[in-house]
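Chains, contacts and geometry: an overview
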Amino acid sequence: MDRLKVPKMLKKGDTIALISISGGRAGDEDMLDRYKTGKKRLEEIWGVHVITAPNTLAGSQFLYEHPEARAGDLMWALQNPEINGIICMMGGDDSYRVFPYVDIKVIQENPKVFMGYSDITSWMAVFAKAGVRAYYGPNLLTPIAQPGALDCYTKDAITRCLFSAEIIGEVPACAEYTKIEWKKINQNEIAWTPNSGYKLIQGRGTTKGSIFGGCAGPLRQIMGTEFFPNRDFFRDCIIMLENGSPYGSPLAGLHELRALDAAGMFQNAAGILTGPLNEEEEKVLIRFLKYEARREDIPVLSNVDFVHRTPMTVIPIGATAEINCERASFSILESGVSITA
């Protein structure tokens, strides 16, 4: 991966635009209160001014029918000199439909913080093609607007990556986690599970590389477009990949791995980060790497906090990352943002 432009650090008083670049539920009646909760948290915790793009709250049906409106909101936010950063409302499943309406030069010429996860994985590839760092991390509706309060782990991750120009350093595993909760419940009703920490699946020594990835499904969805990275892009990358068992099927997860392998993702990668894996999923991954990808040597660290659960860290795409197999640790060896763009 070539070196990416690093957006300017966010600070108190900056303006953050919220966009619905994928799913549009933020504008649906049952989600409006949750949107307001997330907006208020951003303002109170980080002292930023939060606005919505013109079509952000237009609703899921309108935004499904009008991908060009979603693209227009991204272009508007990037070109607006008053806006310093962009946070996605939520993921979804059809970001690829927005691509034909995006002017990649606008992304190139206006490097700004852009953060989201899940289906927003597709946009990590788009920004990388434009030569600009994006940030794989919390969407507004979850986990920023999670019921009760924003957990300290997610809050600290956002602060360290987006509101500080210091080197991020070691990224600790969360102490406890919980499922994504869409219902309106009290904080004391949330069930937290103690976390066992990172697990080394395979590998020795220490490996470094530029970090890239997200959810396997959205990456597979954009194969064949101009935005899916070529084979050379993945050379010496640390691949972060939420895979496992899509829709409860380990076989579907294996099919995703095979598709990504055929596209050149694993051949020359430096390492792999993945989320929590059950025993069957772990066996599938080890078998795949050994007999299909022929990468029995590649370090793999699992149970990393970038997946569909709470809390969540923030990953600056393209940053130099390190996996230490002896310590079963993961570090980001540079700052997430720059002092000046």
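Residues numbered from 1 in each chain as written. Predicted model: local features only at pLDDT ≥ 70, side-chain atom pairs only at ≥ 80, totals over all residues. Heavy atoms only, no water.

A short note on the packing of helix 8 (residues 250-262) against helix 9 (residues 279-292)
Where helix 8 contacts helix 9, the axes come no closer than 10 Å and their chain directions differ by 30°. Relative to helix 9, the element helix 8 is oriented roughly parallel. Relative to helix 9, the crossing made by helix 8 is right-handed. Within the contact between the two elements, helix 8 uses P250, L254, L257, R258 and D261 and helix 9 uses E280, V284, L285, F288 and E292. Looking at the contact of helix 8 with helix 9 residue by residue, the class counts come to 6 nonpolar, no polar and 4 charged. (Axes fitted to C-alpha atoms, helices over the stretch in contact; angles between N-to-C directions. Helix = DSSP H or I, 4+ residues; strand = E, 2+ residues; numbered from the N terminus. Parallel < 35°, antiparallel > 145°, perpendicular 65-115°, else oblique. Left-handed = near helix turned anticlockwise from the far one by under 90°. Contact = heavy atoms within 4.5 Å. Nonpolar A, V, L, I, M, F, W, Y, C, P; charged D, E, K, R; others polar.)

Considering the side chain of S338
Along the chain, the position of S338 falls in the segment after strand 16 (329-332). Here S338 falls in the buried class, since its relative accessible area comes to 15%. Not counting residues up to four positions away in its chain, the partners in contact with S338 are V6, P7, K8 and M9. (Buried < 20%, exposed > 50% of the residue type's maximum accessible area, 1.4 Å probe, protein only.)

Let's talk about helix 8
Its 13 residues place the ends of helix 8 18 Å apart at the C-alpha level, agreeing with the 18 Å of an ideal helix rising 1.5 Å per residue. Where helix 8 terminates, the next one or two residues include G264, which has phi positive at roughly 95°. (Expected span 1.5 Å × (residues − 1).)

Quick notes on the sheet that holds strand 6 (residues 169-170)
In spatial order, the strands read 6-16-15-10-11-12-13-9; together these 8 strands make up an open sheet with mixed pairing. Of all the strands in the sheet, the pair left with one neighbour each is strand 6 and strand 9 (199-202). Bridge count for strand 15 (residues 320-324) against strand 16 is 4 bridges, and the pairing is antiparallel. Following the sheet pairing, I323 is matched in strand 16 by F330. Helix-sheet contacts for helix 9 involve strand 9, strand 12 (271-274) and strand 13 (300-302), and the interaxial angle to strand 9 is about 35°. (Pairing = 2+ DSSP bridges.)

Concerning the environment of E166
Within the secondary structure, E166 sits in the loop between helix 6 (152-162) and strand 6. Judged by its relative accessible area of 59%, E166 is exposed. Through-space distance from the C-alpha of E166 to that of A252 is 40 Å; in sequence the pair is 86 residues apart.

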